[in-house]
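Working through the structure, step by step
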Amino acid sequence: GKALDTGTKGYLVTPSIMFVKSNDFEQNRRSVYLQTEIFGPNLAVQSFDESEEALQLANNNQFPLAVSVCSESESRFNSYAMELRYSRVIWNQST
């Protein structure tokens, strides 16, 4: 997304999707897209191979406020929700 020049401090971007290619935990800890609250309609997408890796990636967050889990299975969601260290965990909805 393109940065918006509003004359204020903060991360303001046009609608965008950010694809994060690295699964390196330390590199992701420094990623603006994964570790900063960005104001504007945006989505950070990160791939994973196994469900355990997805949990590790999700929990590697400095500001665990809210997370949305997309799944066809409510029972699978419930098992993941117990493992996620976030203030708010929601199923198949936007945060």
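Let me begin by describing the structure that accompanies this report. (Residues numbered from 1 in each chain as written. Predicted model: local features only at pLDDT ≥ 70, side-chain atom pairs only at ≥ 80, totals over all residues. Heavy atoms only, no water.)

What to know about the overall build of the protein
The criterion, for reference: We count a stretch as a helix when DSSP gives it H or I for four or more residues in a row; a strand needs E for two or more, and each element gets its number in order from the N terminus. Whether two residues touch is decided by their heavy atoms; if any such pair falls within 4.5 Å, the residues are in contact. The protein chains shown are the only cover counted for residues, whose accessible areas, like all others here, come from Shrake-Rupley with a 1.4 Å probe.
Within the protein, the secondary structure is distributed over four helices and four strands. Starting at the N terminus, the α and β elements of the protein follow one another as β-α-α-β-α-β-α-β. Counted over contacts in the protein with a minimum sequence separation of 6, partners at least 24 positions apart contribute 48%. Total accessible area on the protein stands at roughly 7100 Å², and carbon and sulfur atoms take up 51% of it.

Structural notes on the packing of aromatic side chains
The condition that has to hold: The aromatic pairing rule takes the rings of Phe, Tyr and Trp, using the six-membered ring of Trp, and pairs them if the centres are within 6.5 Å, calling planes under 30 degrees apart stacked, those over 60 edge-to-face and the rest tilted.
With the rule as written, the count across this model stands at one aromatic pair. On the basis of an interplanar angle of 20° and a centroid distance of 5.8 Å, the ring pair of Phe 77 and Trp 91 is categorised as stacked. Of this pair, Phe 77 sits in helix α4 (residues 74-81) while Trp 91 sits in strand β4 (residues 88-91), and the two are 14 residues apart along the sequence.

Some remarks on the nonpolar core
Nonpolar side chains in soluble globular proteins generally cluster together in the buried interior. Note the cut-off: To define a nonpolar core, start from buried Ala, Val, Leu, Ile, Met, Phe, Trp, Tyr and Cys residues and group those joined through side-chain atoms within 4.5 Å. For every residue, the accessible area (1.4 Å probe, protein chains only) is compared with the maximum for its type, and the residue is labelled buried under 20%, exposed over 50%, or partly exposed between those bounds.
Counting residues in each nonpolar core, the largest one holds seven residues, listed as Leu 55, Val 67, Val 69, Phe 77, Tyr 80, Leu 84 and Tyr 86. In contact with Phe 77, other than residues within four places in its own chain, are Val 69, Val 89, Ile 90 and Trp 91.

A look at the pairing of strand β3 (residues 66-69)
Inclusion rule: In short, DSSP must find at least two bridges between two strands for them to pair.
With burial as the criterion, only one face of β3 is covered, namely that bearing Val 67 and Val 69; the residues Ala 66 and Ser 68 on the opposite face remain uncovered. Where β3 lies against β4, four bridges are found, and the strand directions are parallel. When the bridges of β4 are listed, Ala 66 appears paired with Arg 88.

Digging into a nonpolar patch on the surface
Defined as follows: Like-charged residues are merged into a patch within 9 Å and nonpolar side chains (Val, Leu, Ile, Met, Phe, Trp, Tyr) within 5 Å, provided each residue has over 30% relative accessible area and no salt bridge. The term salt bridge refers to a pairing of a side-chain nitrogen on Lys or Arg with a carboxyl oxygen on Asp or Glu at a separation within 4 Å.
On the surface, Ile 17, Phe 19, Leu 43 and Val 45 cluster together into a nonpolar patch covering about 390 Å² of accessible area. The set of elements that each furnish at least two residues to the nonpolar patch consists of β1 (16-20) and β2 (42-46). Topologically, Val 45 is positioned in strand β2. Assessed through its relative accessible area of 30%, Val 45 is described here as partly exposed.

Digging into the environment of Phe 63
Following the sequence through the fold, Phe 63 ends up in the loop between α3 (51-59) and β3. The sequence separation of Phe 63 and Tyr 86 amounts to 23 residues, and the corresponding C-alpha distance is 8.4 Å.

Looking at unusual backbone geometry
Within the chain, Asn 92 stands out as a residue other than glycine whose phi angle is a positive 55°. Summarising the element assignment, Asn 92 is placed in the segment after β4.

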